[in-house]
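Listed below, chain by chain, are the residues.
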Amino acid sequence: MGLLVDGVWQEDVSRTTNGRFVRPNTAYHNFVTPDGSPGPNGKGGFAAEAGRYHLYISLACPWAHRTLIFRSLKQLDNVISVSLADPLYGKTGWEFGGERGGTPDSVNGKKTLAEVYLLADPHYTGRVSVPALWDKKQRTIVNNESSEIIRMLNSAFEAFTNVHTDYYPAELRGDIDRINDLVYPTVNNGVYRAGFATSQDAYEEAARGIFATFDQLEERLSRQRYLAGRQITEADWRLFTTLIRFDAVYYSHFKCNLRRVADYPNLSNYLRDLYQVPGIAETVSIEQIKRHYYGSQRQVNPTGIVPIGPQLDFTLPHDRVRFA
């Protein structure tokens, strides 16, 4: 996959330093707030309105998947519209059209996400990534950082939904932040650090880090139903989008094959528990996930062949109600 440099698409350059994958920073960090006042990072100017915002996502991408989950949980389907990119990359990255599993760009009518980024900034330099939250009124990208977008969806649109569950409650924020600080580098990004590593040391460092964290999470989940205790929080959903992809993709494609999620009794039951929350199964497409990773990431899988397995059933009963 390439990137835009001063508005011009270029072929990919190395994304590793000393064999270690380095994730580039996202570019847009404005916040939507109930009244358009500044967000927690001091940036704002975008007021919550029904029908004003549009999400560009891919069902294959775990970062974009987070935002689709929060849109579903908060019942914002009629408030924020969505376009789905095709799971396979085109010549300039994410494409729309619907012929390969995505949908058309219903807002700007563009064929590629790169064109959308250039609408916001004709001289944009950086990765063209999902998710991207688009403002139809100001015709620009508000934010393309998933961790910030889910916070907006959690709290900014309360006037437009009957669901007021708070997935980042004040009394749990310290614990949630600590969990996120553990899970993001070692698991969410850790699978990429293992899969895109170009040296043995870098790969082993990342891969072993994943399972060290899995062991910690397995122990934590032996004592409580969710990561922060008795209620589901954003920490659970941030972990979920990696866990749901792990046995199908990361275990083999990214060589994270010390153990499967299925080999952890608590993690695997916890994964099924989250999957069976109403509205979540509809956000998951294992088919598109596998097509994207195996079919698009040719630097890892040169043939582009998509495996027929594994057989996964997240609808099987779980034992997490023992904590109720």
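Just above sits the structure.
Description of the packing of aromatic side chains
Then, in step 1: Considering all chains together, one arrives at 26 aromatic pairs under this definition.
Then, in step 2: The interplanar angle of 55° and the centroid separation of 6.5 Å between the aromatic rings of Phe157 and Phe160 together place this pair among those described as tilted.
Then, in step 3: Through successive ring pairs, a cluster of aromatic residues spans Phe21, Trp63, Tyr184, Tyr192, Phe196, Phe211, Phe214, Phe246, Tyr250, Phe254, Tyr264 and Tyr293.
Then, in step 4: Across the ring face of Tyr192, the terminal group of Arg23 is positioned such that the distance to the ring centre comes to 4.7 Å.
Then, in step 5: A cation sits over an aromatic face here: Arg151 above Tyr168, 3.7 Å from the ring centre.

Here's the deal with helix α3 (residues 146-155)
Then, in step 1: For α3, the tally of buried residues reaches eight of 10 residues, placing the bulk of the element in the interior.
Then, in step 2: Within the span of α3, buried status applies to Ser146, Ser147, Glu148, Ile149, Ile150, Met152, Leu153 and Asn154.

Section: the sheet that holds strand β8 (residues 80-84)
Then, in step 1: Strand order in the open sheet formed by four strands is β8-β7-β9-β10, and the pairing between neighbours is mixed. Sheet topology places β8 and β10 (140-143) at the edges, where each strand pairs with a single neighbour. When strand polarity is set aside, the average angle formed by the axes of neighbouring strands in this sheet is 35°.
Then, in step 2: Where strand β9 (residues 132-135) lies against β10, three bridges are found, and the strand directions are antiparallel. When the bridges of β10 are listed, Leu133 appears paired with Asn143.
Then, in step 3: Across the sheet, helix α1 (residues 62-73) is in contact with β7 (53-57) and β8; its angle to β7 comes to roughly 140°.
Then, in step 4: Here α3 sits on the sheet and contacts β7, β8, β9 and β10; the angle it forms with β10, its principal contact strand, is near 85°.

Considerations on the nonpolar core
Soluble globular proteins tend to pack their nonpolar side chains together in the buried interior.
Then, in step 1: Of all hydrophobic cores here, the largest spans 97 residues; its most connected members are Val32, Phe157, Phe214, Trp237 and Phe240.
Then, in step 2: Ranked by residue count, the leading element in this core is helix α7 (residues 234-250), at 10 residues.
Then, in step 3: Setting aside anything within four residues of it in sequence, one finds Val32 in contact with Phe46, Ala47, Ala48, Tyr53, Leu133, Val142, Met152, Ala156 and Phe157.

Points about the side chain of Thr283
Then, in step 1: Counting through the fold element by element, Thr283 comes out in the loop between α8 (265-275) and α9 (286-296).
Then, in step 2: Residue class for Thr283 comes out buried when judged on its relative accessible area of 4%.
Then, in step 3: Here Ile280 takes part through its backbone oxygen, which lies 2.7 Å from a polar atom of the side chain of Thr283.
Then, in step 4: Residues in contact with Thr283, not counting those within four places in the same chain, are Leu59, His65, Leu68, Ile69 and Ser72.

Focus: the pairing of β8
Then, in step 1: Bridge count between β7 and β8: five bridges; the pairing is parallel. Residue pairing in the sheet places Leu55 in a bridge with Val82 of β8.
Then, in step 2: Remark: the β7/α1/β8 crossover connection has right-handed handedness.

As for the pairing of β9
The side chains of a regular strand alternate, residue by residue, between the two faces of the sheet.
Then, in step 1: Here β9 shows no split at all, with Ala132 and Trp134 on one side and Leu133 and Asp135 on the other all buried.
Then, in step 2: Note: β7 against β9, four bridges, orientation antiparallel. Bridging across to β9, Tyr56 finds its partner in Ala132.
Then, in step 3: Here β9 folds back onto β10 in antiparallel fashion, the turn holding four residues, of which Arg139 has a positive phi close to 50°.

Scoring rules and cut-offs
- Residues numbered from 1 in each chain as written.
- Predicted model: local features only at pLDDT ≥ 70, side-chain atom pairs only at ≥ 80, totals over all residues.
- Heavy atoms only, no water.
- Phe/Tyr/Trp six-rings, centres within 6.5 Å; stacked < 30°, edge-to-face > 60°.
- Lys NZ or Arg CZ within 6 Å of the ring centre and 35° of its normal.
- Buried < 20%, exposed > 50% of the residue type's maximum accessible area, 1.4 Å probe, protein only.
- Helix = DSSP H or I, 4+ residues; strand = E, 2+ residues; numbered from the N terminus.
- Pairing = 2+ DSSP bridges.
- Axes fitted to C-alpha atoms, helices over the stretch in contact; angles between N-to-C directions.
- Contact = heavy atoms within 4.5 Å.
- Core = buried A, V, L, I, M, F, W, Y, C linked by side-chain atoms within 4.5 Å.
- Polar contact = N/O pair within 3.5 Å; in protein donor to acceptor, adjacent residues only side chain to side chain.
- Right-handed = clockwise from strand over helix to strand, strands pointing away.

These values are about where atoms sit, not about what they do.
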